[in-house]
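One letter stands for each residue in the lines below.
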Amino acid sequence: IRDRPYSLVTFLAILSVYALLRALREPSKAWWGVNLAANTLLAWTHMLAVLVIFVEGLFLLTLARRPFRGKFVWGSVQLLLLVPWFLWLLALPYKHNFYSPGVGLKDVVYNIIACDVISTHTDLLPGWKTHPSGVGCARFPSLLGVRYWFDSALLMFLCCSVAFFAWFLWLQTRERLRQRSDMREAENGTLLLLLLVVPGVVLAILEELMGRVAMDPMYAMYNQAALYIIVGALVMHFRLIVARIGLVALVMVLYVYQLLIFLPEVTRVDWRAGAREIREDGAPDDLVVCIEHYWPEGALEYYLEAIGTPIRNVLTFQAACDESATFLWEDGNAGKHAWVLFQRYPIRWFFPSFEPATALAEGLDAR
């Protein structure tokens, strides 16, 4: 929880956008203050959340009928509030170890529209995705057998919703400009589309420029709020109650399927299952070697501290083999066991042909 601020980012982003729209509709300065405060908190909550401010700046530039003075004042105050954040950011050492395999157009589209399609979401890791052979629920074979059709249906529905919304917004804007009538609805729609599309595109550009992973759905998950509103606009566009009920039922069926293949299975490394096996089949004086590929997690300590099993954290498979072999050959350790635990899915991502069990066996044999 301590290093996962995305729920707070989403709340602040929605509050900021809402406050901006209210400030444009009402003469009160209070909503401008709420917007600026939320934006400042966004920057300090997660550095990539400044994309919300960037989106709002683009949105204000599109408002040709609005006085330039108000836009200038908003931008100036916003920059002034962000000066301490900029100074803090410049002082940070650059440290980014996740290399990017490259970003394609499909990746960008998925990041914008398909975050709720489990199989296309890189940051959602249900059991059948992390370790297919370890899925124990009896319902999975039949559910996963139709995944292609359900995923395609949800993706098509979301794409059609966005396309319809963009087309309808274009027609509405053109008509309102011709009649010189109220543009508020068109402005709202423009902000929604910018919030939906721009963060993902900017993150993709950053990833290409840096060669490091930057376009992750969790960094811009607030854009899904815009997507849900767009879907709601499509549903409400139909005047017939039967049509609305049918669309709502379709959405519910598609989302229920995604939940069935996602919950309640484990969505991260199942350290608890590994610790349970050690407690049931191991002994307190066995050795547990935990390979931490990226950063110290300490998850095993949490699950095994009650029985006092010694845990040695290492960074590589070679170090795991060294620690295990040394322990097993020490005097007095005959009959004891060395347990090696590691995260399977990141290895499979970066090294698809690498077989961890084979590597461990060969390493121990060599020692």
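Rules behind the numbers
Residues numbered from 1 in each chain as written. Predicted model: local features only at pLDDT ≥ 70, side-chain atom pairs only at ≥ 80, totals over all residues. Heavy atoms only, no water. Helix = DSSP H or I, 4+ residues; strand = E, 2+ residues; numbered from the N terminus. Contact = heavy atoms within 4.5 Å. Areas by Shrake-Rupley, 256 points an atom, 1.4 Å probe, with all protein chains shown as cover. Lys, Arg positive; Asp, Glu negative; His and termini not counted. Charge placed at Lys NZ, Arg CZ, Asp CG, Glu CD. Buried < 20%, exposed > 50% of the residue type's maximum accessible area, 1.4 Å probe, protein only. Pairing = 2+ DSSP bridges. Axes fitted to C-alpha atoms, helices over the stretch in contact; angles between N-to-C directions. Expected span 1.5 Å × (residues − 1). Arc of directions from axis to C-beta. Core = buried A, V, L, I, M, F, W, Y, C linked by side-chain atoms within 4.5 Å. Salt bridge = Lys/Arg side-chain N within 4 Å of Asp/Glu carboxyl O. Phe/Tyr/Trp six-rings, centres within 6.5 Å; stacked < 30°, edge-to-face > 60°. Parallel < 35°, antiparallel > 145°, perpendicular 65-115°, else oblique. Nonpolar A, V, L, I, M, F, W, Y, C, P; charged D, E, K, R; others polar.

**What about the overall build of the protein?**
Alright, step 1. Regarding its fold elements, the protein presents 16 helices and three strands.
Alright, step 2. Each principal axis of the C-alpha atoms in the protein carries an extent, and together these give about 90 × 55 × 35 Å.
Alright, step 3. Across the protein, contacts joining residues at least 24 apart in sequence account for 73% of those joining residues at least 6 apart.
Alright, step 4. When the accessible surface of the protein is split by element, carbon and sulfur atoms take 66% of a total near 21200 Å².
Alright, step 5. If you average the places of the 31 positive and of the 32 negative side-chain charges in the protein, the two averages end up 17 Å apart.

**Things to note about the pairing of strand S1 (residues 287-291)**
Alright, step 1. Burial analysis of S1 places five of its five residues in the buried class, which makes it a mostly covered element.
Alright, step 2. Residues Leu287, Val289 and Ile291 point to one face of S1 and Val288 and Cys290 to the other, with burial holding for every one of them.
Alright, step 3. Pairing geometry for S1 and strand S3 (residues 338-342), over five bridges, is parallel. Following the sheet pairing, Cys290 is matched in S3 by Leu341.
Alright, step 4. Summarising the sheet, S1 and strand S2 (residues 311-314) pair through four bridges and their orientation is parallel. Its bridge partner lying in S2, Cys290 is registered against Asn313.

**Brief notes about the sheet that holds S1**
Alright, step 1. Sheet architecture is open: three strands sit in the order S2-S1-S3, paired in parallel fashion. This sheet does not close on itself; its edge strands, each paired only once, are S2 and S3. Here the average twist between neighbouring strands, direction ignored, is 20°.
Alright, step 2. Of the strands in this sheet, S1 and S3 touch helix H12 (residues 271-281), which is tilted by about 170° from S3.

**So, helix H11 (residues 241-260)**
Alright, step 1. Over its 20 residues, H11 extends 28 Å from the first C-alpha to the last, a length consistent with the 28 Å expected when each residue adds 1.5 Å.
Alright, step 2. When we look at burial in H11, the residues that qualify are Leu247, Val251, Leu254, Tyr257 and Gln258. The arc that holds the buried residues of H11, viewed along the axis, is 130°, so those residues lie on one side. Relative to its buried face, H11 has exposed residues pointing more than 90 degrees away, namely Ile241, Val242, Ile245 and Met252.
Alright, step 3. Taken together, the buried residues of H11 touch helix H7 (140-145), helix H8 (147-179) and helix H10 (223-237).

**Focus: the nonpolar core**
Alright, step 1. In this structure, Phe59, Phe157 and Tyr222 are the most contacted members of the largest nonpolar core, which totals 62 residues.
Alright, step 2. Among the elements that make up this core, the one with the highest residue count is helix H9 (residues 184-210) (eleven residues).
Alright, step 3. Of all hydrophobic cores here, the second largest spans eleven residues; its members include Leu287, Val314, Phe317 and Phe327.

**Looking at the pattern of salt bridges**
Alright, step 1. Within this structure, the stated rule accounts for six salt bridges.
Alright, step 2. With its nearest N and O atoms 2.6 Å apart, the salt bridge here joins Glu26 to Arg22.
Alright, step 3. We classify Glu26 as partly exposed; its relative accessible area is 28%.
Alright, step 4. Of the residues examined, Arg22 reaches a relative accessible area of 25% and is grouped as partly exposed.
Alright, step 5. Arg25 serves as the salt-bridge partner of Glu187, at 3.0 Å between the closest nitrogen and oxygen. One end of the pair, Glu187, is in helix H9; the other, Arg25, is in helix H1 (residues 6-25), with 162 residues separating them in the sequence.

**Regarding the environment of Ile14**
Alright, step 1. Relative to the elements of secondary structure, Ile14 occurs in helix H1.
Alright, step 2. The partly exposed category is assigned to Ile14, whose relative accessible area is 43%.

**As for the packing of aromatic side chains**
Alright, step 1. Following the criterion strictly, the structure yields twelve aromatic pairs and no others.
Alright, step 2. Here Tyr6 and Tyr219 contribute two aromatic rings whose centre-to-centre distance is 6.2 Å and whose plane-to-plane angle is 55°, an arrangement assigned as tilted. With Tyr6 in helix H1 and Tyr219 in the loop between H9 and H10, the pair connects residues that are 213 residues apart, well separated along the chain. Take Tyr6 and Tyr219: they sit in the same class, and that class is buried.
Alright, step 3. A connected cluster of aromatic rings, assembled from ring pairs, spans Phe164, Trp167 and Phe168.

**What to know about the packing of helix H5 (residues 105-113) against H10**
Alright, step 1. Between H5 and H10, the shortest axis-to-axis distance is 8 Å and the interhelical angle comes to 75°. In terms of orientation, H5 lies roughly perpendicular with respect to H10. Residues Asn111, Ile112 and Ile113 of H5 form the contact with H10, whose participating residues are Asn223, Gln224 and Leu227.
Alright, step 2. Class assignment for the residues of the contact of H5 with H10 results in three nonpolar, three polar and no charged.

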